[in-house]
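Residues per chain, in single letters:
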Amino acid sequence: MPPPPAEIVRPLPVLRERVAAWRRAGQRVAVVPTMGALHEGHLSLVRQAAASGARVIVTLFVNPKQFNNAADLAAYPRTEREDAAKLAGLGVDILYVPDGETMYPPGFATMVTVEGLSEGLCGAYRPGHFAGMATVVTKLFTQTTADLAYFGEKDFQQLRIVQRLARDLDLQVEVVGCATVREADGLAMSSRNARLSAEARLAAPVLHAEMQRVARALEAGAEARALLAEATQRIVAGGYQAVEYLELRAEADLAPQTRAAVPCRLLAAAWLGGVRLIDNVAVARAAGSTA
Ligand code: PAF
């Protein structure tokens, strides 16, 4: 027997009926927002949502408001049938696939902006991206009335923005961050990896390897500045065309840091073979440091 597929729901009123029935039965709701092109990283979020015991909704919506480049939006893979097949047997109750009119009806005029956290890092290179993301995530939270929402740590700035918006807007959702899933050579799983040429794919792991090297040196008490400059050169020497940013930020609020005096994240975005890759690694507080 093939594993049971998730029900595909497109109209919002039908989603609301299903959720209302779950609520009447005293059940909780977990949501995993996606733009499709699902890979093992997404599936690990789905497994964690299913393990919560709540009803599980995976959302699939390629959100035009978070693309700052029309060509990037047009090229984004649309693989609903394959995505639905990958979710079968994982305990997903509903695959919610709203259309553009449902998400942005004519006259739509409201955007959610999370100040501070959305500036810098990816926000500096993708104008409007985080406001578009925060707007659609807020809508998905209110449409699903989720109690729990699962986001990958790979998009660490996104995770912190979503946690902040849930808190600031009094949304009754717990935003759960889930560890990045990696290929055997350390490359963080991403829908974009499929666009790497064979040659670029071979060079790709140098980004994570360099970040790990820097993280260990920071944990040993080193200053960030020279380490980051050297790692940037090594990433480019390893085959990347450019490093957009490689920065040390506080884990809790993404404030810039010069050394690991508090628990930190090292975050990077870099271009390889015309593909923009992002990654981040945790940096423990350096032993003996005073915050
Ligand atoms: O991480 C993503 O895939 C998207 O930013 C999200 C959270 C589904 C919102 O469109």
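A.B. asks: Quick one: what's the story with the site of the ligand, residue by residue and with numbers?
C.D. replies: Every residue near the ligand is listed here: Pro33, Thr34, Met35, Gln66, Met133, Val136, Val137, Phe151 and Gln158. A distance of 2.6 Å separates an oxygen atom of the ligand from a polar side-chain atom of glutamine 66. Between an oxygen atom of the ligand and a side-chain N or O atom of glutamine 158, the distance comes to 2.7 Å. Relative to its free-state accessible area of 290 Å², the ligand is covered by the protein chains to the extent of 89%. Elements supplying a minimum of two residues to the shell around the ligand: strand S2 (29-34) and helix H7 (129-144). For the shell around the ligand, the per-class residue count stands at six nonpolar, three polar and no charged.

A.B. asks: Account for the sheet that holds strand S8 (residues 264-272), with residues named and values stated.
C.D. replies: On the basis of which strands lie adjacent, the open sheet formed by three strands has the order S7-S8-S9 and antiparallel pairing. Looking along the sheet, the strands with just one partner apiece sit at the ends: strand S7 (242-250) and strand S9 (275-283). This sheet shows a mean twist of 15° between the axes of neighbouring strands, independent of strand direction.

A.B. asks: Give a detailed account of the packing of aromatic side chains, specifying residues and quantitative values.
C.D. replies: According to the stated counting rule, one finds five aromatic pairs in the structure shown. Counting every residue linked through ring pairs, the aromatic cluster contains Phe61, Tyr104 and Phe108. We note lysine 65 situated over the ring of tyrosine 104; from NZ or CZ to the ring centre the distance is 4.8 Å.

A.B. asks: Hey, could you go over helix H8 (residues 156-168) for me, with residue numbers and the actual values?
C.D. replies: In this model, H8 (13 residues) spans 18 Å end to end at C-alpha, consistent with the 18 Å of a helix rising 1.5 Å per residue. Positioned one or two residues after H8, aspartate 170 has a phi angle of 55°, which is positive.

A.B. asks: Give me the pairing of strand S6 (residues 174-178): which residues, what numbers.
C.D. replies: Across five bridges, strand S5 (residues 148-152) lies against S6 in parallel orientation. In the sheet register, phenylalanine 151 faces S6, and the bridge partner there is glycine 177. Following the chain from S5 across H8 to the adjacent parallel S6, one finds a crossover that is right-handed.

So, how was this worked out
Residues numbered from 1 in each chain as written. Predicted model: local features only at pLDDT ≥ 70, side-chain atom pairs only at ≥ 80, totals over all residues. Heavy atoms only, no water. Near = heavy atom within 4 Å. Polar contact = N/O pair within 3.5 Å; in protein donor to acceptor, adjacent residues only side chain to side chain. Areas by Shrake-Rupley, 256 points an atom, 1.4 Å probe, with all protein chains shown as cover. Helix = DSSP H or I, 4+ residues; strand = E, 2+ residues; numbered from the N terminus. Nonpolar A, V, L, I, M, F, W, Y, C, P; charged D, E, K, R; others polar. Pairing = 2+ DSSP bridges. Axes fitted to C-alpha atoms, helices over the stretch in contact; angles between N-to-C directions. Phe/Tyr/Trp six-rings, centres within 6.5 Å; stacked < 30°, edge-to-face > 60°. Lys NZ or Arg CZ within 6 Å of the ring centre and 35° of its normal. Expected span 1.5 Å × (residues − 1). Right-handed = clockwise from strand over helix to strand, strands pointing away.

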